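Chain and residue survey
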Amino acid sequence: MDTKRLTAALDKALQRITDETGLVGGAIAITKGEEVVYTYNYGYADRENKIPSSQDTLYDVASTSKAWTVMLAAQAIDEGLLEWDAPIKNYIPWFEMMDEYAGNNLSVRDMASHRSGLPSHDFMREKILGDRENLIRKLKYLEPNVGFRSKYQYNNHMFILLGYLEEVIRGGESWENQIHERIAKRLGISPIFTRGTNPDLTGVEVATPYCSNGFEAKICGHADNLHSSPCGGIRISMKNMAKWIIAMSRGGKTPDGGRLCSEKQFQEIIAPVIGTGQNYGFRKSIAYAQGWHTTDYFGKTLLFHGGGHAGFNTQVGFLKDEEMGYVMCFNTGTTPAASIACAIVLDAIVKGDVEDSYDWMIDKWLEDRDEMAAQVKNNAEGTPVTKETDPSMVGVYTHPAYEEFVIDEADGQLRFTYGTFTAKVQREADGSISAYSGGYDGLTPDHVKLKVEENGDLQLFTSDTRFWLTFKKQA
């Protein structure tokens with residue numbers, strides 16, 4: 001691995017991404033055996049106060065937290081508290097799903113590999129909080145869109161359920177405490193925090209999150225929904241995240257010569273379960289194991305995962321049998337920094353050298369960004385929906401899982417409000433009705449679409465669930 005060429009490639013690519021998108025900062029580490037063999041810091045942890053990014057900066061690593069939740073399950077299986085393929089009704093008798101067969105047979109392996117039959121349904125977390133049990137009880141009202149175990153569909157709720165199950169079988173010990181005691185302490189990781197726990201951060205360097213619209217970045221808030229932490233709630237430095245990936249690249253071994261879980265359970269974690277139908281650059285024929293994507297990458301078995309929410313994007317991975325891994329996080333959403341930096345790092349550690357330029361990857365992302373911008377512009381130039389043009393739309397609408405959203409009038413235009421999501425209602429050129437919040441999730445504008453049924457009910461289409469949900473209009 002030529003570290004000078006690696007650094008030069010990262011410098012060049014990330015500077016162009018900064019110029020095009022407003023990327024603020026990030027940090028990268030590469031590991032081999034028990035050591036960190038390369039580190040790279042870029043830009044700022046806090047742009048306004050000119051605090052540079054470092055290996056000690058704490059980042060929200062989002063969905064790469066899922067593998068930690070799976071590791072807790074593997075430990076519980078080693079202890080005889082769980083089984084990979086036993087129905088979770090064995091442990092939570094009241095558990096139900098709309099698909100009765102799925103509800104009676106859903107297992108840890110199903111939850112941890114995204115084959116429950118449910119689409120993401122992430123939009124409901126704009127409003128539904130309560131506690132983890134409340135979120136789990138809502139599952140019996142969430143519509144599936146494919147058959148149980150028939151298709152990979154990424155679903156954060158299944159990992160919230162897995163975290164809740166781990167609390168149940170351990171007599172109420174919180175998922176957060178299990179992460180600290182059963183993984184972090186054993187790897188010598190400190191500090192480590194979890195979403196929404198309001199820790200004392202005195203003297204701790206925390207990256208400020210920035211949200212980009214694809215062109216420029218502004219400060220945005222940290223994700224703070226405590227109850228969804230098992231699917232993406234860990235906040236950690238790349239220095240400490242490297243300790244986690246070292247353990248994974250060494251088959252689950254801890255620094256003291258012990259193991260996070262048995263060899264048998266580690267192999268269960270990384271074994272492919274279901275094909276995803278996805279490709280990421282040169283990563284082809286990808287399958288999902290449990291908390292990890294897996295693929296053959298230029299003859300090497302690569303386990304990897306990405307994560308992103310609010311103002312953060314993360315990539316982590318390791319080469320099975322090679323004892324090599326990488327971690328990286330950037331504190332700016334809606335940029336290609338993490339995916340392109342990951343491609344550069346993989347070239348360095350797998351192929352032994354980097355390309356002279358990665359502009360072709362950036363160019364493709366910018367094309368997609370411009371398509372997104374055109375979509376947003378088309379909405380902005382739509383016709384405002386008002387109480388006069390569509391009086392029947394005003395009202396309260398309910399769904400047994402999502403509860404209610406409201407359409408009322410504000411400043412002469414109808415407004416859609418669901419929890420933290422609020423947006424003006426527009427009629428686009430093709431006649432469709434939409435509401436854009438102004439936020440972004442990667443290259444997808446944060447928005448909903450609406451259709452009025454003859455009986456006055458409304459159908460809601462969200463960018464994550466990807467099919468129409470019916471909400472009943474209240475009298």
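Our structure is the block above this text.
The structure reproduced in this document is the subject of the present report. Predicted model only: the values in this text are computed from it and were never measured.

**Section: the overall build of the chain**
The helix and strand inventory of the chain stands at 12 helices and 24 strands. Scaling as 2.2 N^0.38, a compact globule of 475 residues should have a C-alpha radius of gyration of about 23 Å, and the chain matches this with 22 Å. Across its three principal directions, the C-alpha atoms of the chain cover 70 × 55 × 45 Å. Counting every position in the chain, which comprises 475 residues, the buried fraction comes to 54%. The contacts in the chain between residues at least 6 apart in sequence include a share of 63% that link residues at least 24 apart.

**As for the nonpolar core**
With 98 residues, the main nonpolar core has W68, L161, L165, W244, W292, F405 and F416 as its most contacted residues. At nine residues, the largest contribution of residues to this core is made by helix α2 (residues 66-78). Those residues within four positions of W244 in sequence are excluded, and the remaining contacts are A67, W68, M71, I183, L187, I189, L260 and W292. Y40, Y42, M324 and Y326 belong to the second largest nonpolar core, which has 37 residues in total.

**Examining the packing of aromatic side chains**
Per the stated rule, a full pass over the model turns up 16 aromatic pairs. Ring geometry for Y101 versus F148: centroids 5.9 Å apart, planes at 70°, classification edge-to-face. Placement of the pair is Y101 in helix α3 (residues 100-105) and F148 in the loop between α5 (132-137) and α6 (156-169), with a sequence separation of 47 residues. By relative accessible area, which is 52% here, Y101 ends up exposed.

**Points about α6**
For α6, spanning 14 residues, the distance from its first C-alpha to its last is 20 Å, which sits close to the expected 20 Å at 1.5 Å a residue. Within α6, 13 of the 14 residues are buried, which leaves it mostly tucked inside the rest of the structure. Of the residues flanking the start of α6, the one acting as N-cap is N155, its side-chain oxygen 2.9 Å from the backbone nitrogen of H157. Residue G171 follows α6 closely and has a positive phi angle near 70°.

**With respect to the pattern of salt bridges**
Applying the stated rule across the entire model yields 35 salt bridges. The partner of E79 in a salt bridge is R170, and the shortest N-O contact between them spans 3.0 Å. Of the two residues, E79 sits in the loop between α2 and α3 while R170 sits in the loop between α6 and α7 (175-184), which places them 91 residues apart along the sequence. The class of R170 is buried, set by a relative accessible area of 14%.

**A look at the sheet that holds strand β4 (residues 58-60)**
What the three strands build is an open sheet, ordered β4-β8-β5; its pairing is antiparallel. Since the sheet does not close on itself, it has two edges, and those belong to β4 and β5 (193-194), each with one partner. For β4 and strand β8 (residues 234-237), the ladder comprises three bridges, and the chain directions are antiparallel. Residue pairing across strands places D60 opposite R235, the latter belonging to β8.

**Description of the sheet that holds strand β1 (residues 25-32)**
On the basis of which strands lie adjacent, the open sheet formed by nine strands has the order β3-β2-β1-β14-β13-β12-β11-β10-β9 and antiparallel pairing. This sheet does not close on itself; its edge strands, each paired only once, are β3 (51-52) and β9 (274-275). For β1 and strand β2 (residues 35-46), the ladder comprises eight bridges, and the chain directions are antiparallel. In the sheet register, K32 faces β2, and the bridge partner there is E35.

**Here we look at the state of the cysteines**
Enumeration over the complete set of coordinates arrives at one disulfide. A sulfur-sulfur separation of 2.3 Å characterises the disulfide bridge that pairs C211 with C220. Because the sign of the S-S torsion sets the handedness, a value of about 80° for the bond joining C211 and C220 places this disulfide among the right-handed ones. Under the relative-accessibility criterion, C211 is labelled partly exposed at 30%. No disulfide involves C329; its sulfur sits 12 Å from that of C220, the nearest cysteine. Looking at C342, it has no disulfide partner, and the nearest cysteine sulfur is the one in C329, 12 Å off. We classify C342 as buried; its relative accessible area is 0%.

**Brief notes about the pairing of strand β12 (residues 300-309)**
The sheet contact formed by strand β11 (residues 293-297) and β12 spans five bridges and is antiparallel. Across the sheet, T294 pairs through a bridge with L303, a residue of β12. Turn length for the β11-β12 hairpin, with the two strands adjacent in sequence and antiparallel, is two residues, and the turn residue F298 shows positive phi of about 50°. What sits between β12 and strand β13 (residues 312-319) in their antiparallel hairpin is a turn of two residues, with A310 showing a positive phi close to 45°.

**Considering the environment of F416**
Along the chain, F416 turns up in strand β19 (residues 413-418). Owing to a relative accessible area of 0%, F416 belongs among the buried residues under this scheme. Between the C-alpha atom of F416 and that of L450, which follows or precedes it by 34 residues, the distance is 9.9 Å. Non-local contacts of F416, meaning those with residues more than four positions away in its chain, are made with F123, F405, V406, I407, F421, T422, A423, V425, A435, V448, L450 and L460.

Scoring rules and cut-offs
Residues numbered from 1 in each chain as written. Predicted model: local features only at pLDDT ≥ 70, side-chain atom pairs only at ≥ 80, totals over all residues. Heavy atoms only, no water. Helix = DSSP H or I, 4+ residues; strand = E, 2+ residues; numbered from the N terminus. Rg over C-alpha atoms; globule rule 2.2 N^0.38 Å. Buried < 20%, exposed > 50% of the residue type's maximum accessible area, 1.4 Å probe, protein only. Contact = heavy atoms within 4.5 Å. Core = buried A, V, L, I, M, F, W, Y, C linked by side-chain atoms within 4.5 Å. Phe/Tyr/Trp six-rings, centres within 6.5 Å; stacked < 30°, edge-to-face > 60°. Expected span 1.5 Å × (residues − 1). Polar contact = N/O pair within 3.5 Å; in protein donor to acceptor, adjacent residues only side chain to side chain. Salt bridge = Lys/Arg side-chain N within 4 Å of Asp/Glu carboxyl O. Pairing = 2+ DSSP bridges. Disulfide = S-S within 2.5 Å.

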